[in-house]
Amino acid sequence: MKAIQIVRPGELRLIEMEKPVLTEKDNVLIKMTAAGICGSDMGIYHGTNAAATYPRVIGHEMVGVIEEVGAGVTHLKVGDRVIVDQVVSCGHCYACRIGRGNVCGSLRVRGVHIDGGYREYMAVPEHDCYLLPKTLPDTEAVMIEPTTIAIQSCSRAGLCEDDTLLILGCGALGSSILKIARLSGARIIVADMVEEKLQEALKNGADYAVNIQKQDVVEQAKKLTEGYGPTVSIDAACTKDSLLTLLNATGNAGRVMTMGFSVAPTEVNQYVITSKELDVRGSRLQNKKFQTAIDLINEGKLDLAGTISHTFPLEKAQEAFDFMDSKDKSIRKVVLTFEEE
Ligand code: MN
Ligand code: ZN
């Protein structure tokens, strides 16, 4: 079968590899139909993702149809359309024992530490698969994964309708967070440098927009909250200075969420955290949020239609990655598709 492997940073290759066979009773064999390209996939390709190991078949937004089931599989059947959870955890360490397998001490993420979805078939345990909403096409279904990341950050933040939320960054991550955050009933301020993205965010339910190229985000966030500051801030920009900016902007007793993986040193001080008794919380990947996302779609609360801007067949992954690198303004979500046989 065909697969896309990042051999080493900067080198993407279309390879032939052995089609997986079902060795575990609880496993299902999935014929892949769509796999999203995420910013973090680009990071692995460019060698800027510190967590990744090489060579690696990447892709963690994995959608397909079940072709074969192991003898012990009880919930899924051949023909079911599913999305695969990217998190593989040990089940025994402290994080796993308290139900936070997404930060397992020996965490293995599909497409990062172990092979992911840019291949024609994969075999995974049944409990890592989630049934897709019937009305959602496979290409759009890849967006369930970014949605789970957004659900994770809002849930880690304990976001509720009393909150005023500041989302810094209106890119792919920020847009997904906005879609989930608005369901909480919180007031939402978005901030970005690109006016078009701010306008899009306002259309998608943000209450206020701050253009950080023209305005000071800390000052504006305070002004929009009667001087108090937002009660929750989520860093969806993940730049060198974003953490300090959000620590400064957030009001007393607020929560500040980090989502970035930058290792660039950034200057923060204790005063800004202690004096306001801020909670600074990381949000990584997602912790069993696929069903939550799928339920929201099935209940009609979340619409992923129209989120895919481009598709490329698996064989043209290089072209797709070059296109992503072009930073073309038309790029929203780019998805790799698999040939029908
Ligand atoms: Mn992703
Ligand atoms: Zn563990």
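Scoring rules and cut-offs
Residues numbered from 1 in each chain as written. Chains lettered and ligands numbered in written order. Predicted model: local features only at pLDDT ≥ 70, side-chain atom pairs only at ≥ 80, totals over all residues. Heavy atoms only, no water. Helix = DSSP H or I, 4+ residues; strand = E, 2+ residues; numbered from the N terminus. Rg over C-alpha atoms; globule rule 2.2 N^0.38 Å. Buried < 20%, exposed > 50% of the residue type's maximum accessible area, 1.4 Å probe, protein only. Contact = heavy atoms within 4.5 Å. Areas by Shrake-Rupley, 256 points an atom, 1.4 Å probe, with all protein chains shown as cover. Donors = N, O, S within 2.8 Å, 3.2 Å for Na, K, Ca; no water. Tetrahedral: all angles 85-135°; square planar, octahedral: opposite > 155°, others 65-115°. Pairing = 2+ DSSP bridges. Right-handed = clockwise from strand over helix to strand, strands pointing away. Polar contact = N/O pair within 3.5 Å; in protein donor to acceptor, adjacent residues only side chain to side chain. 1 Å grid on protein atoms, 1.4 Å probe; cavity = no way out; pocket = protein on both sides within 12 Å on 5 of 7 lines; lining within 4 Å. Points joined across faces, edges and corners; volume = space filled by probe spheres on them. Nonpolar A, V, L, I, M, F, W, Y, C, P; charged D, E, K, R; others polar. Domains from an automatic or database assignment. Buried area = accessible area lost by both parts, 1.4 Å probe. Salt bridge = Lys/Arg side-chain N within 4 Å of Asp/Glu carboxyl O.

**Re the overall build of the protein**
Per the secondary structure count, the protein includes 11 helices and 18 strands. The globule rule puts the C-alpha radius of gyration for 341 residues at 20 Å, and the 20 Å found for the protein is close to it. Counting the 341 residues in the protein, one finds 50% classified as buried. A sequence separation of at least 24 residues applies to 68% of the contacts in the protein between residues at least 6 apart. With an accessible surface of roughly 16000 Å², the protein has 51% of that area assigned to carbon and sulfur atoms.

**Brief notes about the coordination of the zinc ion (ligand 2)**
Donor atoms from the polypeptide that bind the zinc ion (ligand 2) are Cys-90 (SG), Cys-93 (SG), Cys-96 (SG) and Cys-104 (SG), placed at 2.3 to 2.4 Å. Here the zinc ion (ligand 2) binds 4 donor atoms, and the angle range of 102 to 116° at the metal identifies the geometry as tetrahedral. Counting gaps between the donor residues of the zinc ion (ligand 2) yields the pattern C-x2-C-x2-C-x7-C. Among the residues examined, Cys-96 registers a relative accessible area of 13% and is labelled buried.

**A look at the pairing of strand β15 (residues 255-258)**
Pairing geometry for strand β14 (residues 232-235) and β15, over 3 bridges, is parallel. Bridge pairing in β15 places Val-232 opposite Arg-255. As a crossover connection, the stretch from β14 through helix α8 (residues 242-249) into β15 is right-handed. When β15 meets strand β16 (residues 279-282), the two strands line up parallel, connected through 4 bridges. By the bridge assignment, Met-257 is partnered in β16 with Arg-281.

**Regarding helix α1 (residues 39-46)**
Restricting attention to buried positions, one finds in α1 the residues Asp-41, Met-42, Gly-43, Ile-44 and Tyr-45. Contact partners of the buried residues in α1: β1 (2-8), β2 (11-16), β3 (27-37) and α11 (317-325).

**Re the side chain of Glu-61**
Structurally, Glu-61 can be placed in the loop between β4 (56-57) and β5 (62-69). Side-chain polar atoms of Glu-61 contact the side chain of Lys-333, separated by 2.8 Å.

**Here we look at the environment of Ala-3**
Inspection of the secondary structure assignment puts Ala-3 in strand β1. Sequence separation between Ala-3 and Arg-119 is 116 residues; the distance between their C-alpha atoms is 4.0 Å. Residues contacting Ala-3, with those up to four places away along its chain left out, are Arg-13, Leu-14, Ile-15, Met-17, Val-57, Tyr-118, Arg-119 and Leu-314.

**Concerning the layout of surface pockets**
Using a probe with the size of a water molecule, rolled over the atoms, empty space left in the structure can be pinpointed. Of the volumes computed, that of the second largest pocket is approximately 340 Å³. For the second largest pocket, the lining is made up of 22 residues, of which Val-87, Val-88, Ser-89, His-127 and Asp-128 are closest to its centre. Looking at the lining of the second largest pocket, the elements that each hand over two or more residues are β7 (87-88) and β9 (121-125). Its residues placed into classes, the lining of the second largest pocket shows 8 nonpolar, 7 polar and 7 charged.

**Considerations on the domain arrangement of the protein**
Per the domain assignment, the segments making up the protein are domain 1 (2-143 + 304-337) and domain 2 (147-282). For domain 1 and domain 2, the distance between their C-alpha centres works out to 28 Å. Contact residues are listed per partner, giving 7 residues for domain 1 and 7 residues for domain 2. Between domain 1 and domain 2, roughly 560 Å² of surface is buried when both sides are summed, and carbon and sulfur atoms account for 33% of that area. Three residues stand out in domain 1 for area buried against domain 2, namely Arg-100, Met-143 and Arg-332, and they jointly supply 46% of the buried area on that side. On inspection of domain 1 and its partner domain 2, the count reaches 1 salt bridge. Residue Glu-200 is joined to Arg-332 by a salt bridge in which the shortest nitrogen-to-oxygen separation is 3.3 Å.

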